[in-house]
Amino acid sequence: PKTAATPSAPPKILAGVRHVVAVASGKGGVGKSTTAVNLALGLRAKGLRVGILDADIHGPSIPTLLALHGRPRMGKDRRLLPMQSNGLLAMSMGMMVDAETAMVWRGPMVMSAITQMLADVDWGDLDVLIVDMPPGTGDAQLAIAQGTTLAGAVIVSTPQDLALVDARRGIAMFRKVDVPIIGLIENMAYFTCTDCGKQHALFGTGGAEAEARRLGVPFLGAVPLTMDLRAASDSGQPIVARDPDGMLGRLYVTMAEAVW
Ligand code: ADP
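This is a predicted model, so every value here is computed, not measured.

Concerning the overall build of the chain
Link 1 in the chain: Secondary structure summary: the chain contains 11 helices and 10 strands in total.
Link 2 in the chain: Compactness check: the chain gives a C-alpha radius of gyration of 18 Å against a globular reference of 18 Å for 260 residues, within 12% of the reference.
Link 3 in the chain: Each principal axis of the C-alpha atoms in the chain carries an extent, and together these give about 60 × 35 × 35 Å.
Link 4 in the chain: Sorting the 260 residues of the chain into buried and exposed places 50% on the buried side.
Link 5 in the chain: When contacts within the chain are restricted to residue pairs at least 6 apart in sequence, those whose partners lie at least 24 apart make up 79%.

Right, dumping it as structure tokens:
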């Protein structure tokens with residue numbers, strides 16, 4: 001990390017934030033960051049003050065999703081000011097550390113970088129801070145779960161068995177540290193063919209919902225695999241910002257209701 005908290009002053013970790021909510025997945029590439037950003041925008045649409053913290057140290061994608069450029073400015077107490085995009089405050093580990101450097105860090109370094117980032121950003125007053133977690137259930141995840149008071153966690157999974165096995169592990173980890181599971185979201189649930197109009201369940205069907213039932217966690221919804229969603233994410237204006245009244249926009253806004 002390029003910034004340092006002054007050792008003399010105790011860090012005011014997330015002092016002005018009412019609720020910290022983790023968005024997590026067992027595996028990478030299942031759409032965790034996409035979900036985190038769109039849930040954040042769904043909460044924003046309800047008039048809440050929302051921040052998003054990209055803690056995915058090895059593969060930060062919030063800067064792309066929200067078209068954030070440049071570096072965050074330093075505010076008072078030498079703490080970083082989050083950047084702004086689409087009505088959200090945002091900060092990414094990718095703005096503070098070089099992903100290639102972070103790639104070779106061992107657990108303790110990742111943990112201290114995350115703890116430091118939690119202390120070093122001045123979010124001001126927020127209703128909700130969404131934390132886009134690193135995938136998996138290792139040291140980095142524990143550093144966040146233990147370094148903050150998480151109001152709850154949303155787990156994202158594709159319907160595949162392999163992804164679900166990892167999602168189950170994630171749920172077990174949060175339960176172990178007494179973080180309530182807000183619910184499970186199934187991403188890439190199906191694909192609607194633009195030619196024949198049929199729905200194709202590329203990764204199987206109903207797996208996440210059945211798993212949620214088995215684990216006794218709420219099932220929040222199934223998000224299809226769509227070109228619009230991917231294109232909106234790549235453009236830096238996620239689907240909820242671009243098309244809040246469309247099918248996907250409304251779906252995320254509804255799922256965000258479980259978070260607040
Ligand atoms: P993760 O955070 O789990 O690594 P991302 O949110 O970065 O995953 O998503 C990985 C890629 O898949 C991105 O290119 C994203 O735009 C795309 N993607 C995610 N969810 C969907 C979806 N439902 N439909 C189409 N593309 C998606």
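Concerning the sheet that holds strand 2 (residues 50-54)
Link 1 in the chain: Sheet architecture is open: 8 strands sit in the order 3-4-2-5-1-6-7-10, paired in mixed fashion. Each having just a single partner strand, strand 3 (83-85) and strand 10 (219-223) make up the two edges of the open sheet. Averaged over all pairs of adjacent strands, the angle between strand axes in this sheet comes to 25°, irrespective of strand direction.
Link 2 in the chain: The sheet contact formed by strand 6 (residues 150-157) and strand 7 (residues 181-187) spans 5 bridges and is parallel. Within strand 7, the residue paired with Val-154 across the bridge is Gly-183.
Link 3 in the chain: Against the sheet, helix 1 (residues 32-45) engages strand 1 (17-24), strand 2, strand 4 (88-92), strand 5 (126-132), strand 6 and strand 7, with an angle of about 170° to strand 5.
Link 4 in the chain: Helix-sheet contacts for helix 7 (residues 161-176) involve strand 1, strand 6 and strand 7, and the interaxial angle to strand 6 is about 170°.

Regarding the environment of Thr-226
Link 1 in the chain: Its location among the elements puts Thr-226 in the loop between strand 10 and helix 9 (227-235).
Link 2 in the chain: Using a count of 17 C-beta atoms within 10 Å as the deciding quantity, one classes Thr-226 as partly exposed.
Link 3 in the chain: Linking Thr-226 and Ala-212, residues 14 residues apart in sequence, is a C-alpha distance of 23 Å.

As for the site of the ligand
Link 1 in the chain: As a structural note, the neighbourhood of the ligand is formed by 17 residues, with Gly-31, Lys-32, Ser-33, Thr-34 and Arg-230 the closest of them.
Link 2 in the chain: Every element with two or more residues in the shell around the ligand is listed here: helix 1 and helix 9.

Side note on the UniProt feature "binding site: ATP" (unreviewed entry) in the chain
Link 1 in the chain: Per the UniProt entry, the sites bearing "binding site: ATP" (unreviewed entry) are Gly-26, Lys-27, Gly-28, Gly-29, Val-30, Gly-31, Lys-32 and Ser-33 in this numbering.
Link 2 in the chain: The topology assignment puts Gly-26 in the loop between strand 1 and helix 1.
Link 3 in the chain: Given 23 C-beta atoms within 10 Å, Gly-26 falls into the buried group.
Link 4 in the chain: Excluding residues within four positions of it along the chain, Gly-26 makes contact with Pro-135, Gly-136, Thr-137, Ser-157, Ala-163, Asp-166, Ala-167, Arg-169 and Gly-170.

Focus on the nonpolar core
Link 1 in the chain: With 87 residues, the main nonpolar core has Leu-39, Ile-114, Ile-130 and Val-131 as its most contacted residues.
Link 2 in the chain: Other than its neighbours up to four places away in sequence, Leu-39 contacts Val-23, Ile-130, Val-154, Tyr-252, Met-255, Ala-256 and Val-259.

Points about the pairing of strand 1
Link 1 in the chain: Along strand 1, 6 of the 8 residues are buried, which leaves the element largely enclosed by surrounding structure.
Link 2 in the chain: Here 6 bridges tie strand 1 to strand 5, and the two strands are oriented parallel to one another. Counted as the bridge partner of Val-21 is Ile-130 from strand 5.
Link 3 in the chain: Relative to strand 6, strand 1 runs parallel, the two being bridged by 5 bridges. The partner of Ala-24 across the bridge, within strand 6, is Ile-155.

Thresholds applied
- Residues numbered from 1 in each chain as written.
- Predicted model: local features only at pLDDT ≥ 70, side-chain atom pairs only at ≥ 80, totals over all residues.
- Helix = DSSP H or I, 4+ residues; strand = E, 2+ residues; numbered from the N terminus.
- Rg over C-alpha atoms; globule rule 2.2 N^0.38 Å.
- Buried ≥ 20, exposed ≤ 12 C-beta atoms within 10 Å, placed from the backbone.
- Contact = placed C-beta atoms within 7 Å.
- Pairing = 2+ DSSP bridges.
- Axes fitted to C-alpha atoms, helices over the stretch in contact; angles between N-to-C directions.
- Near = placed C-beta within 6 Å.
- UniProt positions renumbered as here; feature names shortened; annotations may be inferred.
- Core = buried A, V, L, I, M, F, W, Y, C linked by C-beta atoms within 7 Å.

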